[in-house]
Amino acid sequence: MEMKIKNSKRINLLNPSIIIPAVALIILLLIPKLISGYFLHTVILILMYATLGAAWNWLGGFAGQISLAHAVFFGLGSYVNACCQIWFGINPWVAMVISMIIVGVFSVLIGIPCFRLKGHYFAIATIALGEIIKTIFVNWPAAGGAIGLYIPIKDISLKNFQFYSKIPYYYIILMMYILSTIITIWIKNSRNGYYFRAIKEDPEASKALGIDLVKTKLLAMWLSGVMCAMVGSFYVNYVLYIDPEGSFLFMNSVKIALIAVMGGMGSVFGPIIGSIIIILLSEGSRIYLGGMGAGLDFVIYGLLIMIIAVYQPGGIVGAFNSYTKKRKKAKRQIVNQGIQNDSIA
Amino acid sequence: MSNIFLQILLGGVLTGFVYVLISLGLTLIFGVMDICNFAHGDFLTIAMYAAFCFSLWFGLDPIISLPIVTLLVGLFGAIVYWLLIRHVLNSSGMAQIFVTFGLMIFIRGMMQALFSANYRKITNPLLEGSFTFGSIALSKPQVVASIGAITATLIIYLFITKTRTGWALQAVSENRQAASLMGIPVQKMFILAWAIGAACVGIAGGLMAEYYYIYPEVGALFGSLSFITVALGGFGSIPGVFIAGLLIGITEVVGGFYLSPAYKYLLVYSLYFVVIVIRPQGILGKKA
Amino acid sequence: MTVLLELKDITKRFMGLVALDHINLTVNQHDIIGLIGPNGAGKTTLFSVISGYLKPEEGEIYYKGERITGKPTHEICHKGICRTFQIVKPFSEMNVLENVMVGAFHHTSSVKLAKEKAMSVLEFCGLTEKAELLGKELTIENKKRLEVARALATEPDLLLLDEVMAGLNPVEVHQAVDFIYKIHEKGYTLLVIEHVMEVIMPISDRVVVLDYGKKIADCDPEEAVKKPEVINAYFGSTEE
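Here the structure is a predicted model, which means the values were calculated and not measured. (Residues numbered from 1 in each chain as written. Chains lettered and ligands numbered in written order. Predicted model: local features only at pLDDT ≥ 70, side-chain atom pairs only at ≥ 80, totals over all residues.)

**Side note on the overall build of chain B**
Here is step 1 of the chain: Along the backbone of chain B there are 11 helices and 2 strands.
Here is step 2 of the chain: Reading chain B from its N end, one meets helices and strands in the order α-α-α-α-β-β-α-α-α-α-α-α-α.
Here is step 3 of the chain: For chain B, whose C-alpha radius of gyration is 19 Å, the value lies close to the compact-globule estimate of 19 Å for 288 residues.
Here is step 4 of the chain: Each of the three principal axes of chain B carries a C-alpha extent, and together these read 60 × 50 × 35 Å.
Here is step 5 of the chain: Per-residue burial for chain B yields a buried fraction of 55% across its 288 residues. (Helix = DSSP H or I, 4+ residues; strand = E, 2+ residues; numbered from the N terminus. Rg over C-alpha atoms; globule rule 2.2 N^0.38 Å. Buried ≥ 20, exposed ≤ 12 C-beta atoms within 10 Å, placed from the backbone.)

**Here we look at the overall build of chain C**
Here is step 1 of the chain: On a plain count of helices and strands, chain C comes out with 9 helices and 10 strands.
Here is step 2 of the chain: Its C-alpha radius of gyration of 18 Å places chain C within 12% of the 18 Å reference for a compact globule of 240 residues.
Here is step 3 of the chain: The proportion of buried residues among the 240 residues of chain C is 46%.
Here is step 4 of the chain: The long-range fraction of contacts in chain C, counting pairs at least 24 apart against all pairs at least 6 apart in sequence, stands at 64%. (Contact = placed C-beta atoms within 7 Å.)

**Quick notes on the interface of chain C and chain A**
A common measure of how large an interface is: the accessible area buried when the components associate.
Here is step 1 of the chain: Contact with chain C, which involves 23 residues of that partner, is made by 17 residues of chain A.
Here is step 2 of the chain: A breakdown of the residues in the side of chain C that touches chain A according to their chemical character gives 9 nonpolar, 9 polar and 5 charged. (Nonpolar A, V, L, I, M, F, W, Y, C, P; charged D, E, K, R; others polar.)

**Some words on the interface of chain A and chain B**
Here is step 1 of the chain: Taken residue by residue, the interface counts 33 residues in chain A and 38 residues in chain B.
Here is step 2 of the chain: In terms of residue count, the dominant contributor to the side of chain A that touches chain B is helix H12 (residues 270–311) of chain A (13 residues).
Here is step 3 of the chain: Residue composition of the side of chain A that touches chain B, grouped by class: 24 nonpolar, 6 polar and 3 charged.

**Some details on the pairing of strand S1 (residues 3–14) of chain C**
Within a regular strand, side chains alternate between the sheet's two faces.
All names here are of chain C.
Here is step 1 of the chain: Across 8 bridges, S1 lies against strand S2 (residues 17–28) in antiparallel orientation. Counted as the bridge partner of Glu6 is Thr26 from S2.
Here is step 2 of the chain: The antiparallel hairpin formed by S1 and S2 contains 2 residues in its connecting segment, where Met15 sits at a positive phi of about 50 degrees.
Here is step 3 of the chain: As defined by bridge partners, S1 adjoins strand S4 (residues 58–63) across 5 bridges and the pair is classed as antiparallel. Paired with Glu6 across the two strands is Tyr62, which belongs to S4. (Pairing = 2+ DSSP bridges.)

**Considering helix H2 (residues 40–58) of chain B**
All names here are of chain B.
Here is step 1 of the chain: Over its 19 residues, H2 extends 27 Å from the first C-alpha to the last, a length consistent with the 27 Å expected when each residue adds 1.5 Å.
Here is step 2 of the chain: H2 sits mainly inside the fold: 15 of its 19 residues count as buried.
Here is step 3 of the chain: Positive phi shows up at Gly59, right after H2, with a value of about 65 degrees. (Expected span 1.5 Å × (residues − 1).)

**A few points about the sheet that holds S2(C)**
Residues and elements named next belong to chain C.
Here is step 1 of the chain: Spatially, the 4 strands line up as an open sheet ordered S2-S1-S4-S5, and their pairing is antiparallel. Two strands bound the open sheet, and with one partner strand each, they are S2 and strand S5 (66–67).
Here is step 2 of the chain: In this fold helix H1 (residues 43–50) packs onto S1, S2 and S4, with an angle of close to 65 degrees to the strand it touches most, S2. (Axes fitted to C-alpha atoms, helices over the stretch in contact; angles between N-to-C directions.)

**Notes on the sheet that holds strand S9 (residues 206–211) of chain C**
All names here are of chain C.
Here is step 1 of the chain: Strand order in the open sheet formed by 6 strands is S6-S7-S8-S3-S9-S10, and the pairing between neighbours is mixed. Taken across any chain shown, the strands that pair with only one partner, and hence form the sheet edges, are strand S6 (81–83) and strand S10 (214–219). Across the sheet, the mean angle from the axis of one strand to that of its neighbour is 15 degrees, orientation sign disregarded.
Here is step 2 of the chain: Relative to strand S7 (residues 158–162), S6 runs parallel, the two sharing 3 bridges. Residue pairing for S7: Ile81 is matched across the bridge by Leu158.
Here is step 3 of the chain: Sheet strands touched by H1: strand S3 (32–36), S6, S7, strand S8 (189–193) and S9. Its angle to S7, the strand with the most contacts, is close to 150 degrees.

**Digging into the pairing of S3(C)**
Residues and elements named next belong to chain C.
Here is step 1 of the chain: The buried fraction of S3 amounts to 5 of the 5 residues, a majority that puts the element mostly inside the structure.
Here is step 2 of the chain: Alternating positions in S3 separate into two faces, Ile32, Gly34 and Ile36 on one and Ile33 and Leu35 on the other, with burial throughout.
Here is step 3 of the chain: Where S3 meets S8, 4 bridges bridge the pair, whose relative direction is parallel. When the sheet's bridge partners are listed, Leu35 is paired in S8 with Ile193.
Here is step 4 of the chain: Bridge analysis of S3 against S9 gives 4 bridges, and the strand direction is parallel. Opposite Ile33, over in S9, you have Arg206 as the bridge partner.

**Considerations on the packing of H2(B) against helix H3 (residues 62–83) of chain B**
All names here are of chain B.
Here is step 1 of the chain: Look at H2 against H3: their axes get within 9 Å of each other, and the N-to-C directions meet at 135 degrees. The angle between H2 and H3 places the two elements in the oblique class. Two packed elements cross with a definite hand, and for H2 against H3 that hand is right-handed. Across the interface between the two elements, Phe43, Ile46, Ala47, Ala50, Ala51, Phe54 and Ser55 of H2 pack against Pro62, Ser65, Ile68, Val69, Leu72, Val73, Phe76 and Gly77 of H3.
Here is step 2 of the chain: Classifying every residue of the contact of H2 with H3 by side-chain character gives 12 nonpolar, 3 polar and no charged. (Parallel < 35°, antiparallel > 145°, perpendicular 65-115°, else oblique. Left-handed = near helix turned anticlockwise from the far one by under 90°.)

**Focus: the environment of B:Phe106**
Here is step 1 of the chain: Note on placement: B:Phe106 falls in helix H4 (residues 93–115).
Here is step 2 of the chain: Here the alpha-carbon distance between B:Phe106 and B:Asp42, two residues 64 residues apart in the chain, equals 9.4 Å.

**Overview of the packing of H2(B) against H4(B)**
All names here are of chain B.
Here is step 1 of the chain: H4 packs onto H2 with a crossing angle of 25 degrees between their chain directions and a minimal axis gap of 9 Å. Accordingly, the angle class assigned to the pair H2 and H4 is roughly parallel. Considering only the axes of H2 and H4, their crossing is left-handed. Taken together, the residues of H4 that come into contact with H2 (itself represented by Asp42, Thr45, Ile46 and Tyr49) are Met104, Ile107, Arg108, Met111 and Phe115.
Here is step 2 of the chain: By residue class, the composition of the contact of H2 with H4 is 6 nonpolar, 1 polar and 2 charged.

Okay, here's the thing in C-alpha cells:
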C-alpha cells in the first residue's frame, strides 16, 4: 500500500496562507480611498499598535521574556526625536534614525542586568524601569517637564515629516508595519528564530546546545527596542506633541503586551489581529461609554487577559492553529481508515 | 537639625512598617505557590474602598470596620484563588503572570467604573493630628497603622513558624508533592495562603484608609512598591520583606525630604535596580 | 591514546555538603566510560561541573589540553562537549525536526543546511518517522532518543549521557544499548551515567565509581564489581 507524498517543493499559489495576506495587503493599500478622517486615524492607530505588538512579540512571544516596558522604548523614541528637532533643529527623519540608535543602545544596556532575572523579577524590573524613566522626564524642564513638548509646525513636505492630510502618515505607518511583519517572518525562518524559541522553551537545554543566552536575548531586546523607537518617532511627528504621562503610560505597555498575546504569541499575524480588536474596543468604549468608559475598557481588557491566560494562552492564532490541526488529524484518520477498508475489501 | 533627621527617619520607619505588612501577603503567596500576584496592590484598593463604603453608608470609622474589611478582603483572596488561580497552577509561568495581571487591570477598571476617578477621603476620622514626643511630631494615624502593621506581621510570622498549619504551609512551599504525600491538603493550603495574603493587605488598607487618599490607582503605587519590596527582600522570605520594607520606607521618606519629593520613588526604584544587579535573588532570597 | 578530558582535584561544595571530593579523572579519545554509583553519589553534579552549569570550588578541568574550568556552558559546547539531562528536556512546542535543528545550528546559520543535518541525524537515531511530532507528544523512549539526537547534531567530540535508559522497559533498554554502540562506532567519546548494571558493565571500556562524592574505583568493569568498596557502596558493609 503506497502513501502519496505531496511534492512540497512546488509553491501552490492558491494556498490560503499566500492568498489571504495578499488580498489584505491590497486592501491596506487602498484604505485611504475608502475611509478618511477619524476612521483613518483609527486605522493608523491599529497599524501602530500592530507594529509595536510585533516588536513585543520578538522579545516576548519568541524569546519568552515578558516585558511590560515597551511603552518606554516607544516613549523614548518619541522624546529623542522631538528633542533632536527642538534642541538642535535636526531633520525629523534623521532624528528618527538617531532615536533608533539611542534607544537601541539603551535597550541593550537595560537588558544586560535585567536578563539575569527570572520571570516575574524581570517583569517587575520592567515596571520599575517605566516609573524611573517617567519620573526623569517629568522633572526635566528642557524636555518639557510635565507639560510636554510641542513640535513646531513647519512647511508641509516629506522632508519635514509634516503633512496636511492623514494619508501620507498612513502610508508611512503601513510601511513600518509591513517592515515589522517581514522581520517577523525572517526571524521565524532564521537560526535566531529557532534559538529564541529554544530559549523560551528551556533555557538550560539551550545552553547545552551552544546557545549564548545573554547574546541571543539581547538581540531580541535590541530589535524590539529599535522598532518601538521607530514607531515612537512616527507618532510624535504625527500628533506633534508628547508628554511623559501619555508616552510612558504603563497601560500602553499593557496594551501592547495584550495585543501580542491575544493575537497569538510568536505568530506573524497575531499582532494585527490583536490590534484590530483591542484598538476598536478601546476607541469604541471611549466614544460610546463616555466618562465611565475609561474604567470600563480596563474592565474588558482585564477580563480578556484573564480569559486568554486561563483558556487559550495561544491567543487567537493559537486557537486557529489547534483547530486546523484537529481537522487535519481527523482527515488523516479518515484517509487511513479508508486505506484500511480498501485493503480489507 | 538632628531632631528633624530623627523625625524624618521615624517617618520613614513608620511608612516602612506599612510596606512590610502589604508585602507580607505577596511574599507569602509566592513562597507557598511560586505565583507573583500582580493584582496585589489592587487588593489594597479594594480594602480602602470597602472601608470608605462602610464609613459612607454606616458611619463606621475605618479603625472600627477593620475586622470586617479584613475578613472581606481575605475572602476575596480565597475566591480569586478558587475561580482563577486554581486553573493556571500547571500552566506556564507566562500564563500565571498574565492571569494576575489581567485581574489587576480588571479591578482597577471596576473601581474606576464604580466610584469614578475622584479622590476620596474619610471625613472626621477617629484618629487625627499627631503624637508629640518632645520636638518630634508623628502623625497619629500613621503611628497606629504602623503598630497595627508590626502586630499583624508578628502574628503572621508566629503563625507560620509556630503552629501546625503554619508548618504545613511551609511544607507546601518547600515541596508540594512531598507535602501532599504526607497528607497535607495542598489545595486547602493554597486557599489559606491566598486568604491570609489578601487579609494582610486588607488590614493595611483598612488602616491606611484612616489617613490616605482613596482612588482607583492607589493600589498601583503600593502594588509596585510591594513588588519591589518582595523582590528586594527575596521572594518567599518573611524576614527579607521586613528588612526590605523598612529600607524602602526610609529611602523614600529620607530621600524625598533631603533630595526632592519628586524623586522619592525614583530613588526606591533605582535602589531596586542596584540591588538586583548585585544580588539577583534579593537580600534574603534563595538562589535560583 | 590522546587524552580528551582531564579532571584534576575537582571539588564541589553546596553549603556544608561536599558533593564532589577531589575527583581525578582522565577520559581518552574514543573511550566509553561508565559513571556509576549509588543515588546521590554526585554523578550528575560531575556532569554539571564538566559542562559548565556549576563552578567547582577547587580543581581544574582540561579539554584537549585547554583549561575550561568555570567557562560558561555554551562555550563548552563550542569546544565539543555536549550533555543530556537525566530528566529529559525536549522543546515541547517544537517538533522533533526543529528540536534537532536547534542543535544543528551550532555549526551553520543556514536553515537549509541545518535541516539537512537534522534529517540525517534523525535517520541515524531512527526518529525519521517522528519528525513532525511535537516534543511533548513523544513517548519517554523517543524523548530520550531525541535528547541524544539533539546533542549529536552539535557535532561534539565528547558526549555526556545522563541515565538515558532510566524508565525504559527491557526491550527498549536493548535498543538503547545498540544505539549507544552505534554512536560509539561513529567515533564519539562517551561518558555515560547509568544505573542499569547489566547494561553499563558490558558496554564500558572502563568504569568510574562514585560514592558520597569520592571516586572509589576507576578500572575495568570486572575488576570494579569485585572491589569491596564498590560492593560496600551499593549493598552496605559485607561484614555483619
